Amino acid sequence: MEDCTVISDRPKQVDLDRCVHCGLCLNACPTYRELGVEMDSPRGRIYQMVQVANGAPITASYTEHIGLCLACRGCETACPSGVQYGRLVEAARSEIEAKVPRSLPVRLLRRFIFGRVLQSRRWLTVAGAILYLYEASRLKALLRAMGFLKLLGRLGDLEALTPPADPPFYFRQIGKVFPAEGRARYRVAFLAGCIANISFARLNEATVRVLQRNGCDVVLPTGQGCCGALHVHAGEREEARKLARANIDAVLDGGFDAIITNAAGCGSTLKEYNDLLEDDPAYADKAAKFSRLMRDVTEFLAAIPLNTDMGVMPIKVTYQDSCHLAHGQKVRSAPRRLLAQVPGLEFREMALSDLCCGSAGIYNVVHNQMAMQILDKKMTHVNATGAEVIATANPGCLLQLQAGVRLHGKGQRVVHVVEILDEAYERWPYREKKDAAEP
Ligand code: SF4
Ligand code: SF4
């Protein structure tokens, strides 16, 4: 029997028709800025999608130009015609995956990563343990000190982008409820991610603490899992739909005021579950409700009366917009407004702060050379601010910018916005007295 929940993806004509080929998006596109090639611009990519929609074959060249796109959606912000480029490129990649046969090793590797590792706490824990052993055995430090990784060329570059192991892993907190500090004003669900559980466990802890200090009962629903963002970016939309349905089932009936993520890349996909499941009659309405409740943690905190019991943070901070927050979710002022409320913090705006840093999910691994070129330019702008801290709002950007600091930086610290808030709350001079006074 045919599986009626399998939805075929390809760029929709109505979305393609919105492009009037004006070219106003070209300067906002990192790959066009690097290469100056029309086929690697948003307009050129849309033109190629139109050719395929009109019956042209999917060639290796088409696959390459669509693959080299960062899916950063800078072009969406620049476009006066409202072209939803993110929808287009994700659907184009899905069509490529469905129609272009991959070699057996590539198919097996993709199935292992997208179908197995990212979806399994057990596999992620194994991966985290291997990473931890690699770091704890000091093998990593030794190889770096000997310059061995440089000899490996591209492989060595990739090693610099490997997510760190951050034990104890965060999986053990899933299923728990963290009560609000003081009077509970909100009940929120927190989605802890997939890789973030092993590589950003401390960031997840900081996020929950900051929410608690802002009157939130924070629930970590048991059935939650990977959001599917990496799957969507890689054209694995059907696999992403399975994950979306599981997250909706795990969270939607919990009576939450908001569903929170601290990962802008995940948030963008989570907010677009309504798009992902629009043709699934059983889940379309539920997905729309889920999407309405989704909030980036900075967006949520900036919209409520913020607890200002913070200590002084005498630091100069610049902010790198995460593409999927600024362009995907249109959240730009919220992180800046939060940073502005930290006592003593001096904010230094950087030039082109919303131009991609080159992270883009697994782009920096798959297209390492282009990602590093883009990062090089980004670090020039970071260094010009004189800031000693780079704040951002997405784990992938944190890793990419940390690599940027190692390669081209001036020793800057790279942190998530909520980590600065968390530290400021910790520094509040009356905290110990207040904690002692509470039952
Ligand atoms: S998503 Fe980013 S890289 Fe892709 S075409 Fe748009 S601006 Fe260029
Ligand atoms: S995507 Fe928008 S800005 Fe770019 S060429 Fe088309 S209509 Fe113009």
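Just so you know, these numbers come straight off a predicted model, no measurement behind them.

**Digging into the site of ligand 2**
Inference 1: Close to ligand 2 lie 13 residues; Cys19, Cys22, Gly23, Cys25 and Cys79 are nearest.
Inference 2: When atom positions are compared with the pocket grids, ligand 2 is found to occupy the largest cavity.
Inference 3: Here the residues of the shell around ligand 2 sort into 9 nonpolar, 3 polar and 1 charged.

**Some details on the site of ligand 1**
Inference 1: Every one of the 13 residues lining ligand 1 counts as a neighbour, but Cys29, Cys69, Cys72, Arg73 and Cys75 are closest to it.
Inference 2: Contributing elements (two or more residues each) for the shell around ligand 1: helix 3 (42-53) and helix 5 (74-78).
Inference 3: Residue composition of the shell around ligand 1, by class: 10 nonpolar, 1 polar and 2 charged.

**What to know about helix 15 (residues 237-251)**
Inference 1: Over its 15 residues, helix 15 extends 21 Å from the first C-alpha to the last, a length consistent with the 21 Å expected when each residue adds 1.5 Å.
Inference 2: Those residues of helix 15 not exposed but buried are Arg237, Ala240, Arg241, Leu243, Ala244, Arg245, Asn247, Ile248 and Val251.

**Description of the packing of aromatic side chains**
Inference 1: Applying the stated criterion to the full structure yields 4 aromatic pairs.
Inference 2: Measuring from centroid to centroid gives 5.0 Å for Phe112 and Trp123, while their planes differ by 85 degrees, and the two rings are edge-to-face. Here Trp123 lies in helix 8 (residues 121-136) and Phe112 lies in helix 7 (residues 104-116), a separation of 11 residues in the sequence.
Inference 3: Classification of Phe112 as partly exposed rests on a relative accessible area of 34%.
Inference 4: Measuring from ring centre to ring centre gives 5.5 Å for Trp428 and Tyr430, while their planes differ by 75 degrees; the resulting arrangement is edge-to-face.

**Quick word on the sheet that holds strand 7 (residues 346-347)**
Inference 1: As summarised here, the arrangement of the 4 strands in space is 7-6-8-9, forming an open sheet in which the pairing is parallel. The open sheet is flanked by strand 7 and strand 9 (413-416), the only strands paired with a single partner.
Inference 2: Both strand 6 (residues 316-319) and strand 8 (residues 389-392) contribute to a ladder of 3 bridges, which runs parallel. Note on strand 8: the bridge partner recorded for Val317 is Val389.

**Overview of unusual backbone geometry**
Leave glycine aside and you will find that most residues have negative phi; peptide bonds, for their part, are mostly trans.
Inference 1: Each neighbour pair has its own omega, and for Pro167 with Pro168 the value is -5 degrees, a cis peptide bond.
Inference 2: Along the polypeptide, Pro168 turns up in the loop between helix 11 (154-160) and strand 1 (177-178).
Inference 3: One non-glycine residue, Ala71, lies in positive phi territory at about 55 degrees.
Inference 4: On the secondary structure map, Ala71 appears in the loop between helix 4 (60-67) and helix 5.
Inference 5: One non-glycine residue, Lys330, lies in positive phi territory at about 60 degrees.
Inference 6: By secondary structure assignment, the location of Lys330 is in the loop between helix 20 (323-326) and helix 21 (333-340).

Reading the values: the criteria
- Residues numbered from 1 in each chain as written.
- Chains lettered and ligands numbered in written order.
- Predicted model: local features only at pLDDT ≥ 70, side-chain atom pairs only at ≥ 80, totals over all residues.
- Heavy atoms only, no water.
- Near = heavy atom within 4 Å.
- 1 Å grid on protein atoms, 1.4 Å probe; cavity = no way out; pocket = protein on both sides within 12 Å on 5 of 7 lines; lining within 4 Å.
- Sits in = over half its atoms within 2 Å of the grid points.
- Nonpolar A, V, L, I, M, F, W, Y, C, P; charged D, E, K, R; others polar.
- Helix = DSSP H or I, 4+ residues; strand = E, 2+ residues; numbered from the N terminus.
- Expected span 1.5 Å × (residues − 1).
- Buried < 20%, exposed > 50% of the residue type's maximum accessible area, 1.4 Å probe, protein only.
- Phe/Tyr/Trp six-rings, centres within 6.5 Å; stacked < 30°, edge-to-face > 60°.
- Pairing = 2+ DSSP bridges.

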